[in-house]
Amino acid sequence: MDFLPTLLMEVGSHQVEVTETLIGVGRFLVIFVAARFMAELMVRLQLPTILGELVAGVIIGASGLHLVVPPEAQAQLSGALLGLVGSLGGVTPDTVSSLYNETFSSLQVVAEIGLFSLLFLTGLESELDELVAVGIQAGTVAFTGVVLPFALGTAGLYYVFHVPFIPAVFAGAAMTATSIGITASVFGELQWLKRKEGQIVIGAAVLDDILGIVILAVVVSLAGGGSFTLGPVVKLCVAAVIFVAVALVLSRFAAPAFDWVVDHLKAPGDVAVASFVVLTLCCFAAQAIGLEAALGAFAAGLILSASKHTHDIEAAVKPLVALFATVFFVLIGTGMDLSVLNPFDPANREGLVVALFLLVVAVAGKVAAGWTYTSKEPTNRLVVGLGMMPRGEVGLIFLGLGTQAGILTPALEAAILLMVIGTTFLAPVLLRLVIGGQAEPAAQTT
């Protein structure tokens, strides 16, 4: 916050504190009101509420009213909003804008807490025996769902659209991952999380995350001009395998120790605090060894899934998910720039053609993965494929890294963004249509 000393000399510290509070509280007010309104609308339309939260983000974000705009979106805040907050805080609109950008990271931290809480709850509600039982199927789905979009996307961009190799590889990599947060939310809402299809998708999404991290490490190295070395990649793979193995072992033996600790705690909030200690410890451990903290959050839920306090943990965590996961999904929507959808702008046309190609490959590659595993029991393979479809925040992370590295053309940036938007919005709708029309999972093939 290097600008603060200068700012404090220009305006009083009290005005700065008042303005920061107005900005922080105002952002939450706008997010929760917009998200709740759209969520209620989606419920009445029999659509997943997460779709409403994403739409709410689009409405209040860079493509809509500009009330909540991520600094990296390169969009200006609403002039009326800047004027209102400035007049209430006794500062200029430029000062409001500077404070807004400097304090936005605090909102992102809240969103991360929401994501981690959601993934923790997903792990907690997962039946470990079922998850292990579908390990081979999940691995097959994950591997196919990574290889097909990556290979087809990269090859198509390079050979058909004549995109340079490194940008083509980066775009292909952006199609590999699955947003476990969006997938888990939709399956949980549709009450398919504990079905075999749900377990396969969640397991595959976790493995997708690991494979995506490995691919990202390689691509970032290539994009940075560095030479490809096998050592760091092997190290990352080994770390991922060890982490998952340890989490599975702890899920068998750590729950009794957790129960013993909770039974001896007397202060209010014992279950919630103890659960979040495990959650943060796993996130820290995952990040420390080069993995994603989100993977640690899911592992924490798995570890405590055998606890006798599971229902109490769920009761403590669900309100946090309802609040903070909403912030996470709304923020995804706020960063989406839908102006790239305008076909009348000549600058958008190349990106739209490439985007259509990427969207088709992104959808087909993941859906096809649903038919690559073997199962003795009838399963709805289309549900599995559709569950793997949303890229969500993971695709946006890839896009952001590519933009920062300066290796993507505006057309390719727009194409990747449209692919992410398309898969993120289509998946909840299609899952609702496929699942909502059947009382029991349809046996499409065994």
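See above for the structure.
Below, the structure is looked at part by part. Because the structure is predicted, anything quoted here is derived from the model rather than measured.

Overview of the overall build of the protein
Logical step 1: The number of helices and strands found in the protein is 18 helices and zero strands.
Logical step 2: For the protein, contacts bridging at least 24 residues in sequence account for 78% of all contacts bridging at least 6.
Logical step 3: A total accessible area of about 19,500 Å² is found for the protein, and carbon and sulfur atoms account for 68% of it.

Things to note about helix α7 (residues 135–160)
Logical step 1: Taking 1.5 Å of rise per residue, the 26 residues of α7 would be expected to cover 38 Å, and the 37 Å separating its terminal C-alpha atoms lies within 8% of that figure.
Logical step 2: Buried within α7 we find Q137, A138, V141, A142, T144, G145, V146, P149, G153, T154, G156 and L157.
Logical step 3: Positive phi shows up at H162, right after α7, with a value of about 60°.

Brief notes about the side chain of T144
Logical step 1: Within the secondary structure, T144 is located in helix α7.
Logical step 2: Of the polar contacts made by the side chain of T144, one reaches the side chain of T372; its length is 3.4 Å.
Logical step 3: In contact with T144, not counting residues within four places along its chain, are P149, A369 and T372.

Focus: the pattern of salt bridges
Logical step 1: A full pass over the atoms with the stated rule returns three salt bridges.
Logical step 2: Across the salt bridge formed by E40 and R36, the nearest N and O atoms sit 3.2 Å from each other. Taken together, the positions of E40 and R36, both in helix α2 (residues 13–44) and four residues apart, correspond to about one turn of that helix.
Logical step 3: The shortest N-O distance in the salt bridge between D263 and K308 comes to 3.0 Å.

Examining the layout of surface pockets
Logical step 1: Its volume calculated, the second largest pocket comes out at about 560 Å³.
Logical step 2: For the second largest pocket, the lining is made up of 22 residues, of which L118, L121, S185, E189 and V321 are closest to its centre.
Logical step 3: If one sorts the elements of the lining of the second largest pocket by residue count, helix α14 (residues 310–334) sits on top with six residues.
Logical step 4: Within the lining of the second largest pocket, the residues separate by chemical class into ten nonpolar, six polar and six charged.

Some details on the state of the cysteines
Logical step 1: Taken as a whole and assessed by the stated rule, the structure comprises zero disulfides.
Logical step 2: Sulfur of C282: no disulfide; nearest cysteine sulfur belongs to C283 and is 7.1 Å away.

Looking at the packing of aromatic side chains
Logical step 1: Taken as a whole and judged by the stated rule, the model has six aromatic pairs.
Logical step 2: When the ring of F328 is compared with that of F329, the centres are 5.1 Å apart and the planes differ by 70°; the resulting orientation is edge-to-face.
Logical step 3: F328 sits in the buried class, given a relative accessible area of 9%.
Logical step 4: The exposure class assigned to F329 is buried, which follows from its relative accessible area of 1%.
Logical step 5: Taken together, the aromatic side chains of Y158, Y159 and F165 make up a single cluster linked through ring pairs.
Logical step 6: For R195, the ring lying beneath its charged end belongs to W192, and the centroid distance is 4.5 Å.
Logical step 7: Cation over ring: R381 sits above Y373, and NZ or CZ is 4.2 Å from the ring centre.

Looking at a nonpolar patch on the surface
Logical step 1: A cluster of nonpolar side chains, L230, V234, V238, I242, V246 and L250, forms an exposed patch at the surface whose accessible area comes to about 490 Å².
Logical step 2: Among the structural elements, V234 can be located in helix α11 (residues 230–263).

What about the packing of helix α5 (residues 93–125) against α14?
Packed helices, taken two at a time, are described by the angle between their axes plus the distance between the axes.
Logical step 1: Where α5 meets α14, the closest approach of the two axes is 7 Å, and the angle between their N-to-C directions is 140°. Taken as axis vectors, α5 and α14 run oblique relative to one another. Judged by the twist between their axes, the crossing of α5 over α14 is left-handed.
Logical step 2: Across the contact of α5 with α14, the residue classes break down as 20 nonpolar, four polar and three charged.

Looking at helix α12 (residues 270–288)
Logical step 1: Compared with an ideal rise of 1.5 Å per residue, which puts 19 residues at 27 Å, α12 spans 27 Å between its outermost C-alpha atoms and is within 8% of the ideal.
Logical step 2: Here α12 has its buried residues at V271, A274, S275, V278, L279, C282, C283 and A286.
Logical step 3: A positive phi of about 95° marks G290, the residue just after α12.

Criteria and thresholds
- Residues numbered from 1 in each chain as written.
- Predicted model: local features only at pLDDT ≥ 70, side-chain atom pairs only at ≥ 80, totals over all residues.
- Heavy atoms only, no water.
- Helix = DSSP H or I, 4+ residues; strand = E, 2+ residues; numbered from the N terminus.
- Contact = heavy atoms within 4.5 Å.
- Areas by Shrake-Rupley, 256 points an atom, 1.4 Å probe, with all protein chains shown as cover.
- Expected span 1.5 Å × (residues − 1).
- Buried < 20%, exposed > 50% of the residue type's maximum accessible area, 1.4 Å probe, protein only.
- Polar contact = N/O pair within 3.5 Å; in protein donor to acceptor, adjacent residues only side chain to side chain.
- Salt bridge = Lys/Arg side-chain N within 4 Å of Asp/Glu carboxyl O.
- 1 Å grid on protein atoms, 1.4 Å probe; cavity = no way out; pocket = protein on both sides within 12 Å on 5 of 7 lines; lining within 4 Å.
- Points joined across faces, edges and corners; volume = space filled by probe spheres on them.
- Nonpolar A, V, L, I, M, F, W, Y, C, P; charged D, E, K, R; others polar.
- Disulfide = S-S within 2.5 Å.
- Phe/Tyr/Trp six-rings, centres within 6.5 Å; stacked < 30°, edge-to-face > 60°.
- Lys NZ or Arg CZ within 6 Å of the ring centre and 35° of its normal.
- Patch = residues over 30% accessible without salt bridge, like charges linked within 9 Å, V, L, I, M, F, W, Y side chains within 5 Å.
- Axes fitted to C-alpha atoms, helices over the stretch in contact; angles between N-to-C directions.
- Parallel < 35°, antiparallel > 145°, perpendicular 65-115°, else oblique.
- Left-handed = near helix turned anticlockwise from the far one by under 90°.

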